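Okay, here's what each chain looks like letter by letter:
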Amino acid sequence: MSLQFHTVPVTPFQQNCTLLWCEDSKRAAVVDPGGDLDRILAAVEERGLKLEKILLTHGHLDHVGGTAELSKQRQLPVEGPHEDDNFWIEQLPMQTQMFGFPPVESFTPDRWLNQGDTATVGDELLEVHHCPGHTPGHVIFFHRPSGLALVGDVLFAGSIGRTDFPKGDHDTLIRSITEKLWPLGDEVRFIPGHGPMSTFGQERQTNPFVADKRFG
Ligand SMILES: [Zn+2]
Ligand SMILES: [Zn+2]
């Protein structure tokens, strides 16, 4: 398969910022540059990648905090999340105060993403699925040929995203997981926003929040 990835945990929240690149062209996207840009850019240089865009799963600070600076520095367009997360992005300066992060600028994505959209990385194509619940505008990226999904804070190995933030909703999140993620296939490997990778099949068996047996 010709889509490659490398994860760089960033910020005090150890958010899994992920480099995705097309093996043939070496063109790359940074998914969720939450901060620690020096470490992200070192991983880019090390692999000889050509950054072409920033992709965002949702508007939380630990996922988007480095976006304005990186986008400006490297002239990169920003794609995602869904427009319903605009209120989070507009409130970035407030989010930094709340979590004691150094101040960051807000930004306006060049392209909002919707259910059924696609996003390219070099010659590779990612499917976009809108998965609200953790935040209303959360999207996930799915590369069908290699069965790889980047799910942000929708689903974790053994857990699911928090829903106690403004406009979060538990039932909506469960529906996003069971109706948008599970149909992609049990064999799909996913990179969550935090913590280790897993597969959808594994979570359907053992995740206490969304395992099949919970729903009878
Ligand atoms: Zn989040
Ligand atoms: Zn997160």
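From a predicted model like this one, the values you see are computed outputs, not experimental measurements.

Moving on to the nonpolar core. For soluble globular proteins, the rule of thumb is that nonpolar side chains tend to be buried together. One finds Leu19, Val30, Ile40, Leu51, Leu70 and Phe107 to be the most contacted residues of the largest nonpolar core, which totals 26 residues. Leave out the neighbours within four places in its chain, and Val30 touches Cys17, Thr18, Leu19, Ile40, Leu51, Lys53, Ile54, Leu55 and Leu70.

Looking at the metal site, the zinc ion (ligand 2) is ligated by Asp62 (OD), His63 (NE2), Asp153 (OD) and His194 (NE2), spaced 2.1 to 2.7 Å from it. Metal-centred angles of 82 to 154° between the four donor atoms at the zinc ion (ligand 2) mark the site as irregular. If you list the donors of the zinc ion (ligand 2) from N- to C-terminus, the spacing comes out as D-H-x89-D-x40-H. A distance of 3.5 Å spans the gap from the zinc ion (ligand 2) to the zinc ion (ligand 1), which Asp153 bridges by coordinating each metal. Taken together, the residues span a long stretch of sequence, with Asp62 in helix 2 (residues 61-64) and Asp153 in the loop between strand 9 (148-152) and strand 10 (155-156) at a distance of 91 residues. Assigned by exposure class, Asp62 and Asp153 land together as buried.

Further remarks concern helix 6 (residues 170-181). For helix 6, built from twelve residues, the straight-helix expectation of 16 Å at 1.5 Å per residue is met to within 8% by its first-to-last C-alpha distance of 16 Å. Within helix 6, the full set of buried residues consists of Leu173, Ile174, Ser176, Ile177 and Leu181. The arc enclosing the buried residues of helix 6, seen along the axis, measures out at 155°, which places them on a common side. Looking at the packing, one finds that the buried side of helix 6 touches strand 8 (139-143), strand 9, strand 10, strand 11 (159-160) and helix 7 (200-206). For helix 6, the N-terminal capping position is held by Asp169, with its side-chain oxygen 3.5 Å away from the main-chain nitrogen of Asp171.

Turning our attention to a nonpolar patch on the surface. Together, Phe13, Met94, Met98 and Phe99 make up a nonpolar patch on the protein surface, roughly 370 Å² of accessible area in all. In this fold, Met98 is placed in helix 5 (residues 92-99).

Let us look at the sheet that holds strand 6 (residues 118-121). Reading across the sheet, the six strands line up as 6-7-8-9-12-13 and stay open at both edges, with mixed pairing between neighbours. What marks the edges here is a single partner per strand, and that holds for strand 6 and strand 13 (198-199). Across four bridges, the pairing between strand 6 and strand 7 (residues 124-130) is antiparallel. When the bridges of strand 7 are listed, Ala119 appears paired with Leu126.

Our next topic: the coordination of the zinc ion (ligand 1). At 2.2 to 2.3 Å from the zinc ion (ligand 1) lie its protein donor atoms, namely His58 (NE2), His60 (ND1), His134 (NE2) and Asp153 (OD). Spacing between the donor residues of the zinc ion (ligand 1) along the chain follows H-x1-H-x73-H-x18-D.

To continue, consider the sheet that holds strand 5 (residues 78-79). Hydrogen bonds along the backbone pair up the strands of a sheet, which may run parallel or antiparallel. A sheet is described by the order of its strands in space; here five strands give the open sequence 1-2-3-4-5, paired in mixed fashion. With one partner strand each, in any of the chains shown, strand 1 (3-10) and strand 5 form the two edges of the open sheet. Here four bridges tie strand 2 (residues 15-22) to strand 3 (residues 27-31), and the two strands are oriented antiparallel to one another. Residue Leu20 lies in a different strand from strand 3, and its bridge partner there is Ala29. Its contacts with the sheet put helix 1 (residues 37-46) on strand 1, strand 2, strand 3 and strand 4 (50-55), and the angle it makes with strand 1 is roughly 155°.

What follows concerns the pattern of salt bridges. With the rule as written, the count across this model stands at twelve salt bridges. Lys53 is paired through a salt bridge with Glu79; the nearest N and O atoms lie 3.0 Å apart. With Lys53 in strand 4 and Glu79 in strand 5, the pair connects residues that are 26 residues apart, well separated along the chain. Since its relative accessible area comes to 7%, Lys53 is described here as buried. With a relative accessible area of 10%, Glu79 lands in the buried category. Shared partners join several salt bridges into a network, and the residues in it are Arg27, Glu52 and Asp123.

Attention shifts here to helix 3 (residues 67-74). Regarding helix 3, the residues found buried are Thr67, Ala68, Leu70 and Ser71. Just past helix 3, the residue Gln75 takes up positive phi, approximately 55°.

Residue Gly80 is joined to Pro81 through a cis peptide bond whose omega torsion reads -5°. As for its position among the elements, Pro81 is in the loop between strand 5 and helix 4 (86-90). With a phi angle near 50°, Asp36 is a residue other than glycine that sits in the positive phi range. Note that Asp36 resides in the loop between strand 3 and helix 1. Take Asp36: its relative accessible area is 33%, and that puts it in the partly exposed class.

The rules behind the values
Residues numbered from 1 in each chain as written. Chains lettered and ligands numbered in written order. Predicted model: local features only at pLDDT ≥ 70, side-chain atom pairs only at ≥ 80, totals over all residues. Heavy atoms only, no water. Core = buried A, V, L, I, M, F, W, Y, C linked by side-chain atoms within 4.5 Å. Buried < 20%, exposed > 50% of the residue type's maximum accessible area, 1.4 Å probe, protein only. Contact = heavy atoms within 4.5 Å. Donors = N, O, S within 2.8 Å, 3.2 Å for Na, K, Ca; no water. Tetrahedral: all angles 85-135°; square planar, octahedral: opposite > 155°, others 65-115°. Helix = DSSP H or I, 4+ residues; strand = E, 2+ residues; numbered from the N terminus. Expected span 1.5 Å × (residues − 1). Arc of directions from axis to C-beta. Polar contact = N/O pair within 3.5 Å; in protein donor to acceptor, adjacent residues only side chain to side chain. Patch = residues over 30% accessible without salt bridge, like charges linked within 9 Å, V, L, I, M, F, W, Y side chains within 5 Å. Areas by Shrake-Rupley, 256 points an atom, 1.4 Å probe, with all protein chains shown as cover. Salt bridge = Lys/Arg side-chain N within 4 Å of Asp/Glu carboxyl O. Pairing = 2+ DSSP bridges. Axes fitted to C-alpha atoms, helices over the stretch in contact; angles between N-to-C directions.

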